[in-house]
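Chain and residue survey
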Amino acid sequence: MGLSIDGLISGQDTTTLINNLIAVEAIPQTLLKGKVSAAQNYTTAVQGLNTQVAALNDAATKAAKPASYDLYTATSSSSQVTATTSTGAAAGVLDITVGRLAQNQVTVTGPLTAWPDAALTLTDAAGKATVLTPASTSLDDVVTAVNAAGLGITATKVAVGADGFRVQFSSAAPGAAASFTLTGGTVPTTQVKAAQDAQVTLWAGTTAEQTITSGSNTFTNLLPGLDVTVQAVSTTPVTLTVTRDDAAITKIAGGLVSGLNDIFAVITNRSAVSTTTDSTGKSVTTAGLFAGDGTIRTVNQNLLTAASMPVDGRSPSEIGISITKSGTLEFDAEKFAAALAKDPAGVMKTVQEISGRVASAAATASDKYDGTLTTTITSQQSQVRTMGLEISDWDLRLTAKRTSLERVYTAMESRLGELKTQSSWLTSQINSLPDTYTGSSS
């Protein structure tokens, strides 16, 4: 902290004087700080754009793969039968009749107050027997022993009024494979629900009739990539239909155009030059961060060209992708859907080709090692670091300059103080002389 020396002798505001001198001296540093701020704002804007272009690259790369268009949707003629598609689905139609649903086995004991035997044996569908010895004949201990055994069987104590309790044994999963038998010596048991598989019949009533079972109520890959879940028995055939999902394919193409337009909008907004009027009535022109930037302009043009160039001599506008007067893209979903219905293979090939070109242009700009936007960001960050070091050097120089000025003015005040002291002494000496020496008359 500098020494406060204001007006000790001279009466001058020395601190303000020094601050003004330092402010003049710091003009180059102030200009440098302005450049750093501008460079940081520009870098942030380019980083944001680079993130968008990289995301477009990922989406376009995926859209360029033929497998991305293996999209199918399934419908069912019954609300009690749900059909869904997965990887590998293909178009097709199939009728099924639901004969029965899968169910869990439920077995209950007769009324009990305590377990009459020291042990009980549970045997699964494969014939494997497990002997359990509860901690006591308490029904609670029996329930605990069964549930802790990890056999896929759940035991529950059920209150039945004056008769005491019954113990219910249930298979944890449905299906015949989850069936079990309970033996426990003198314990009476009743199977109230048998474990069974779900069953559907294909081509029912014909010589090709085929019955299929499932341990659950879901039948996987009934047709390639088609999973069916049944919820009720049917008396008439249920029709399952798998068709190409044109809506999903249209969404891929529309998403590609939307992603491109989002990037074009950012570039346009940040390249705009606006004119406003300040408080004095003077016109002030402000240029966007990307105004006149050749690198950004090239990225924009490359992406637009990639999306709009003909494919096999045919314009993308034929499938609903066209350039607008403002230099953006327009996607006509209805025109695309109509083209897809008429020539699905050709339309999907066109979208794949466009996607591949867009992915290539986006990668050129956003590659994390040598993309044009990436190298621009790296260069700007390097310049900011260099200017930051220069600003730090200026801080040292200005601190030294301030110290020097404070010393000069402190020395000046000190010298003025000495002169004032000498002047006061001489005045006192003169005043002490007799009148004869001073030229006074009586």
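This is a predicted model, so every value here is computed, not measured. Within each chain, residues carry numbers counting from 1 in the order of the written sequence. Only residues with pLDDT of at least 70 are given local features in this predicted model, and only at 80 or more are side-chain atom pairs given and counted; all residues enter the totals for whole chains, interfaces and linings. Hydrogens and water molecules were not included; the side-chain quantities draw on all heavy atoms of the structure.

1. So, the packing of aromatic side chains
Quick reminder of the rule: Centres within 6.5 Å are what make two rings of Phe, Tyr or Trp a pair, Trp counting through its six-membered ring; a difference in plane orientation under 30 degrees is then read as stacked, over 60 as edge-to-face, and the rest as tilted. Helix numbers and strand numbers start at the N terminus; a helix is a DSSP run of H or I with at least 4 residues, a strand a run of E with at least 2. Accessibility here uses a 1.4 Å probe with only protein chains present; expressed as a share of the type maximum, an area under 20% marks a residue as buried, one over 50% as exposed, and anything in between as partly exposed.
Under the definition given, this model contains 3 aromatic pairs. Taken together, a centroid distance of 6.1 Å and an interplanar angle of 90° make the contact between Tyr-42 and Phe-290 edge-to-face. Separated by 248 residues along the polypeptide, Tyr-42 in helix α2 (residues 27-63) and Phe-290 in the loop between β17 (283-287) and α5 (294-308) bring together distant segments of the chain. According to the relative accessible area criterion, Tyr-42 is buried, its value standing at 12%. On the numbers, 6.4 Å between centres and 70° between planes, the contact of Trp-115 with Phe-169 is edge-to-face.

2. Description of the domain arrangement of the protein chain
Definition in use: Domain boundaries shown here were taken from an automatic or database domain assignment.
Taken domain by domain, the protein chain comprises domain 1 (1-71 + 245-275 + 285-411), domain 2 (72-100 + 198-244) and domain 3 (106-193). Centre-to-centre separation of domain 1 and domain 3, based on C-alpha positions: 70 Å.

3. Section: the layout of surface pockets
Note the threshold: A cavity here means a set of points on a 1 Å grid, drawn over the protein atoms and nothing else, where a 1.4 Å probe fits but cannot get out; a pocket is an open set with protein on both sides within 12 Å along at least five of seven lines, and a residue lines either one if it has an atom within 4 Å of a point. Grid points are joined across faces, edges and corners, and a volume is the space filled by probe spheres set on the points. When residues are grouped by polarity, Ala, Val, Leu, Ile, Met, Phe, Trp, Tyr, Cys and Pro land in nonpolar, Asp, Glu, Lys and Arg in charged, and all others, Gly among them, in polar.
Empty space within the largest pocket amounts to approximately 250 Å³. What lines the largest pocket is a set of 14 residues, among which Arg-314, Glu-318, Ile-319, Asp-343 and Thr-350 lie closest to the centre. At the level of elements, α6 (333-342) and α7 (344-366) are the ones that each hand at least two residues to the lining of the largest pocket. A per-element tally of the lining of the largest pocket places α7 first, with 4 residues. Looking at the lining of the largest pocket residue by residue, the class counts come to 5 nonpolar, 3 polar and 6 charged. Put simply, the second largest pocket is a space of about 150 Å³. In terms of lining, the second largest pocket is formed by Gln-52, Ala-55, Leu-56, Ala-59, Ala-63, Lys-251, Ile-252, Gly-255, Leu-256, Gly-259, Asp-262 and Ile-263. Among the secondary structure elements, those contributing two or more residues to the lining of the second largest pocket are α2 and α4 (246-271). No other element matches the 7 residues that α4 contributes to the lining of the second largest pocket. Its residues assigned to classes, the lining of the second largest pocket shows 7 nonpolar, 3 polar and 2 charged.

4. Some words on the side chain of Gln-380
Let me state the cut-off plainly: What makes two residues a contact is simply this: any of their non-hydrogen atoms within 4.5 Å.
Looking at the secondary structure, you find Gln-380 in helix α8 (residues 372-432). Those residues in contact with Gln-380 that sit more than four places away from it in its chain are Ala-39, Tyr-42 and Thr-43.

5. Here we look at the packing of α5 against α7
Stated precisely, the cut-off is as follows: Orientation is described by axes fitted as lines to C-alpha atoms, over the contacting stretch for helices, and by angles from 0 to 180 degrees between their N-to-C directions. Each angle is binned into one of four classes, with values under 35 degrees roughly parallel, values over 145 roughly antiparallel, values of 65 to 115 roughly perpendicular, and all other values oblique. Crossing handedness: left-handed means the near helix sits turned counterclockwise from the far one by under a right angle, and right-handed means the same turn made clockwise.
Put simply, α5 and α7 touch, their axes get as near as 8 Å, and they point 170° apart. With respect to their mutual orientation, α5 and α7 come out roughly antiparallel. Crossing of α5 over α7 shows right-handed handedness. Packed against α5, whose contacting residues are Val-299, Asn-302, Leu-303, Ala-306, Ala-307 and Ser-308, the element α7 presents Ile-354, Arg-357, Val-358, Ala-361, Ala-362 and Ala-365 at the interface. When its residues are assigned to classes, the contact of α5 with α7 shows 9 nonpolar, 2 polar and 1 charged.

6. Details of the nonpolar core
For clarity, the threshold we go by: We define the nonpolar core as a collection of buried residues of types Ala, Val, Leu, Ile, Met, Phe, Trp, Tyr and Cys that are connected through side-chain atoms lying within 4.5 Å of one another.
Counting residues in each nonpolar core, the largest one holds 42 residues, and the members touching the most others are Leu-49, Leu-260, Leu-303, Phe-336, Val-358 and Leu-373. Ranked by residues supplied to this core, first place goes to α7 with 9 residues. Those residues in contact with Phe-336 that lie beyond four places of it in its chain are Ile-249, Thr-250, Ala-253, Ile-319, Phe-331, Val-347 and Val-351. The next biggest cluster of nonpolar side chains, apart from the first, holds 19 residues, and it includes Val-98, Ala-102, Leu-222 and Leu-240.

7. A look at the sheet that holds strand β5 (residues 120-124)
Let me state the cut-off plainly: One requirement defines pairing of two strands: DSSP has to find at least two bridges between them.
Pairing in this open sheet of 3 strands is antiparallel, and the strands run β6-β5-β9 from one edge to the other. This sheet does not close on itself; its edge strands, each paired only once, are β6 (129-132) and β9 (180-183). Between one strand axis and the next, the sheet turns through 20° on average, direction left out of account. Of the pairings in the sheet, the one linking β5 to β6 comprises 4 bridges and is antiparallel in character. Bridge pairing in β6 places Thr-121 opposite Val-131.

8. Some details on α6
Rules: Working definition: the arc comes from the directions between the helix axis and the C-beta atoms, pointing outward to the latter. Polar contact criterion, stated in full: a pair of N or O atoms within 3.5 Å, where within protein one must be able to donate a hydrogen and the other to accept it, and residues adjacent in sequence count only if both atoms are side-chain atoms.
Buried within α6 are the following residues: Phe-336, Ala-339 and Leu-340. Projected onto a plane normal to the axis of α6, the buried residues spread over an arc of 100° and lie on a single side. With respect to the buried face of α6, the exposed residues turned more than 90 degrees away are Glu-334, Ala-341 and Lys-342. Buried-residue contacts for α6 involve β15 (238-244), α4, β19 (329-331) and α7. At the N-terminal end of α6, a side-chain oxygen is found 3.2 Å from the backbone nitrogen of Glu-334, two or three residues along, and the residue is Asp-332.

9. As for the pattern of salt bridges
Selection criterion: One speaks of a salt bridge when a side-chain nitrogen belonging to Lys or Arg is within 4 Å of a carboxyl oxygen belonging to Asp or Glu.
Taken as a whole and assessed by the stated rule, the structure comprises 4 salt bridges. Among the salt bridges present, the one from Asp-140 reaches Lys-157, with a minimum N-O distance of 3.0 Å. Of this pair, Asp-140 sits in helix α3 (residues 139-148) while Lys-157 sits in strand β7 (residues 153-159), placing them 17 residues apart in sequence. Residue Asp-140 is classed as partly exposed on the basis of its relative accessible area of 42%.

10. Here's the deal with α4
Going by this rule: The span you would expect from a helix comes to 1.5 Å times its residue count less one.
Taking 1.5 Å per residue as the helical rise, α4 with its 26 residues ought to reach 38 Å, and the 38 Å between its terminal C-alpha atoms agrees with that figure. Along α4, the positions that sit buried rather than exposed are Ile-249, Thr-250, Ala-253, Gly-254, Leu-256, Val-257, Leu-260, Asn-261, Ile-263, Phe-264 and Ile-267.

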